Amino acid sequence: MLPNRRLQELERFPGFSSGEQQLFRAWSESLQLLKIRGVAEHPFPAPCFLTPASGAEWWSGGSPNRVLLLIFFKHFASSHRLKVHIVYLGHNNGLTPSLTTQFHLQLLSRVFAEPEEARQAILYSYSYGFSGFSAVLNSTQATTLSETEEVISVFRSRMLQLHTTRSWDFMGLSLHSQMEQPSSQMHLKYGDDVIVGILDTGVWPESESFRDDPHLGPVPSSWRGTCVGGQQFDPATACNRKLIGARYYLAGFEAETGLLNTSGGAEYRSARDRVGHGTHTASTAVGAVS
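The rules behind the values
Residues numbered from 1 in each chain as written. Predicted model: local features only at pLDDT ≥ 70, side-chain atom pairs only at ≥ 80, totals over all residues. Heavy atoms only, no water. UniProt positions renumbered as here; feature names shortened; annotations may be inferred. Helix = DSSP H or I, 4+ residues; strand = E, 2+ residues; numbered from the N terminus. Buried < 20%, exposed > 50% of the residue type's maximum accessible area, 1.4 Å probe, protein only. Contact = heavy atoms within 4.5 Å. Areas by Shrake-Rupley, 256 points an atom, 1.4 Å probe, with all protein chains shown as cover. pLDDT = per-residue confidence, 0-100. Disulfide = S-S within 2.5 Å. Phe/Tyr/Trp six-rings, centres within 6.5 Å; stacked < 30°, edge-to-face > 60°. Lys NZ or Arg CZ within 6 Å of the ring centre and 35° of its normal. Pairing = 2+ DSSP bridges. Axes fitted to C-alpha atoms, helices over the stretch in contact; angles between N-to-C directions. Salt bridge = Lys/Arg side-chain N within 4 Å of Asp/Glu carboxyl O. Core = buried A, V, L, I, M, F, W, Y, C linked by side-chain atoms within 4.5 Å. Expected span 1.5 Å × (residues − 1). Arc of directions from axis to C-beta.

- As recorded by an unreviewed UniProt entry, the protein carries the name Inhibitor I9 domain-containing protein and is attributed to Aegilops tauschii subsp. strangulata.
- According to the UniProt record, the Sequence similarities (unreviewed entry) comment for the protein reads "Belongs to the peptidase S8 family."

Next comes the structure, spelled out in structure tokens:
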């Protein structure tokens with residue numbers, strides 16, 4: 001990083017227009033104020049072309065020097081744009097959820113100047129099944145974490161494209177409604193006491209596929225989840241012995257795209273399904289006999 005005195009000398013260089021002086025001043029102030037580790041410690045390319053042998057020799061190239069300055073700003077902005085990343089650590093090693101989350105924060109703090117910045121950046125801490133977390137990071141921070149010994153991989157969060165809510169058509173299958181169906185009592189024995197989790201667009205709890213059939217047994221004793229309420233989703237009526245739980249996760253989506261649009265039924269701030277895809281997949285896997 002250039003000393004303050006050298007920055008001031010370059011800022012007053014007569015070849016700069018007033019707009020370029022403002023641009024350069026903003027750049028020099030950014031170097032002094034940036035506190036995020038991985039950004040402040042990252043080598044900046046600007047001094048490479050702002051340290052000429054003489055002012056006249058430096059400016060003799062004309063506009064190309066201006067172009068280099070603008071390219072640097074564009075590179076800086078794109079390299080340090082914040083995006084949601086998933087950090088995968090592998091096995092949980094038997095740690096409790098609270099200790100796992102504490103470890104995640106300690107690890108994330110290595111790429112931030114202050115622990116509070118790490119707490120604000122983390123979105124979710126994963127401690128069941130595997131260890132990992134999601135956080136809002138720039139590309140430099142993500143690269144630094146990926147090179148850490150405890151980390152297996154770091155990758156960008158991404159949105160998936162839905163294919164269909166009519167799998168039989170999508171796969172070219174034909175339905176034979178005349179086929180003999182097993183009795184309800186027999187069908188309810190299939191997958192008895194098995195809990196199936198679906199990660200999808202949500203669920204429409206009023207569907208007949210999720211009705212509370214009188215032949216259903218109690219909720220499995222191994223169940224540790226919950227039914228989270230939200231917009232047009234009341235746990236008292238939405239969940240039962242068939243649909244035993246539901247959650248919704250918006251932090252990653254809203255961190256990149258802004259607040260969810262719920263006006264006019266565009267979306268629901270709850271586990272309620274708007275497009276029908278989650279309802280389709282869940283009912284295919286564990287839906288009641290029609």
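Observations regarding the overall build of the protein
At step 1: Broken down by element type, the protein carries 13 helices and four strands.
At step 2: Counting only residues that meet the buried cut, the protein has 31% of its 290 residues in that class.
At step 3: Within the protein, counting contacts between residues at least 6 apart in sequence, those at least 24 apart form 70% of the total.
At step 4: Summed over its atoms, the accessible surface of the protein is roughly 18,200 Å², and 55% of this surface lies on carbon and sulfur atoms.

Some thoughts on the confidence of the model for the protein
At step 1: Here the protein shows a mean pLDDT of 77. Residues at 70 or above account for 64%.
At step 2: A low-confidence stretch, residues 33–69 (pLDDT under 50), is modelled with 54 contacts involving residues beyond four sequence positions or located in other chains.

Details of the state of the cysteines
At step 1: Within this structure, the stated rule accounts for one disulfide.
At step 2: Each disulfide pairs two cysteine sulfurs, and for Cys227 the partner residue is Cys239, the sulfurs being separated by 1.9 Å. Judged by the sign of its S-S torsion, about 75 degrees, the cystine formed by Cys227 and Cys239 is right-handed. Of this pair, Cys227 sits in the loop between α10 (184–187) and α11 (235–238) while Cys239 sits in the loop between α11 and α12 (251–257); the two residues are twelve residues apart in sequence, bridging distant segments of the chain. Side by side, Cys227 and Cys239 carry an identical accessibility label, which is buried.

A short note on the side chain of Thr148
At step 1: By the element assignment, Thr148 lies in the loop between α8 (139–146) and β4 (153–156).
At step 2: Residues in contact with Thr148, not counting those within four places in the same chain, are Leu107 and Arg110.

A word on the packing of aromatic side chains
Aromatic ring pairs are described here by two measures, namely the spacing of the ring centres and the angle between the planes.
At step 1: Evaluation of the coordinates by the stated rule reveals three aromatic pairs.
At step 2: Cluster of aromatic residues (ring-pair linked, three or more members): Tyr88, Tyr126 and Phe130.
At step 3: Lying across the ring of Trp204, Arg272 places its NZ or CZ 4.3 Å from the centre.

Concerning the sheet that holds β4
At step 1: Pairing is antiparallel across the open sheet formed by four strands, whose spatial order is β2-β3-β1-β4. What marks the edges here is a single partner per strand, and that holds for β2 (122–126) and β4. Strand-to-strand twist of the sheet, defined as the mean angle between neighbouring strand axes without regard to direction, takes the value 20 degrees.
At step 2: Where strand β1 (residues 83–90) meets strand β3 (residues 131–137), seven bridges bridge the pair, whose relative direction is antiparallel. Among the inter-strand pairings, Lys83 is bridged to a residue of β3, identified as Leu137.
At step 3: Across the face of the sheet, α8 comes into contact with β1, β3 and β4 while running at roughly 155 degrees to β3.

Here we look at the pattern of salt bridges
At step 1: The tally for this structure, following the rule as stated, stands at seven salt bridges.
At step 2: For Arg272, the salt bridge identified is with Glu206, shortest N-O distance 2.7 Å. Taken together, the positions of Arg272 in the loop between α12 and α13 (277–286) and Glu206 in the loop between α10 and α11 put the pair 66 residues apart, joining distant regions of the chain.

A look at unusual backbone geometry
At step 1: Here the phi dihedral of Asn93 falls at roughly 60 degrees; this positive angle occurs in a residue that is not glycine.
At step 2: Its place among the elements puts Asn93 in the loop between β1 and α6 (97–108).
At step 3: Even without being a glycine, Gln232 presents a positive backbone phi close to 50 degrees.
At step 4: The topology assignment puts Gln232 in the loop between α10 and α11.
At step 5: For Gln232, a relative accessible area of 51% corresponds to the exposed category.

Quick word on the nonpolar core
At step 1: Ranked by internal contacts, the top residues of the largest apolar core, which has 16 residues, are Val87, Leu108, Phe112, Phe133, Leu137 and Leu145.
At step 2: Per-element accounting of this core gives the leading share, three residues, to β3.
At step 3: In terms of nonpolar packing, the next biggest core, distinct from the first, is built from ten residues, Phe210, Cys227, Ala238 and Ala282 among them.

Focus on the pairing of β2
At step 1: Summarising the sheet, β2 and β3 pair through four bridges and their orientation is antiparallel. Bridge pairing links Tyr126 to Gly132 in β3.
At step 2: Linkage of β2 to β3, two consecutive antiparallel strands, is achieved through a turn of four residues, within which Gly129 is found at a positive phi near 85 degrees.

Looking at α6
At step 1: Between its first and last C-alpha atoms α6 spans 16 Å; for twelve residues at 1.5 Å apiece the expected length is 16 Å, and the two agree.
At step 2: Regarding α6, the residues found buried are Thr100, His104, Leu107 and Leu108. Buried residues of α6 fall within an arc of 95 degrees about the axis and therefore sit on the same side.
At step 3: Where the residues of α6 are buried, they touch β1, α7 (115–121), β2, β3 and α8.

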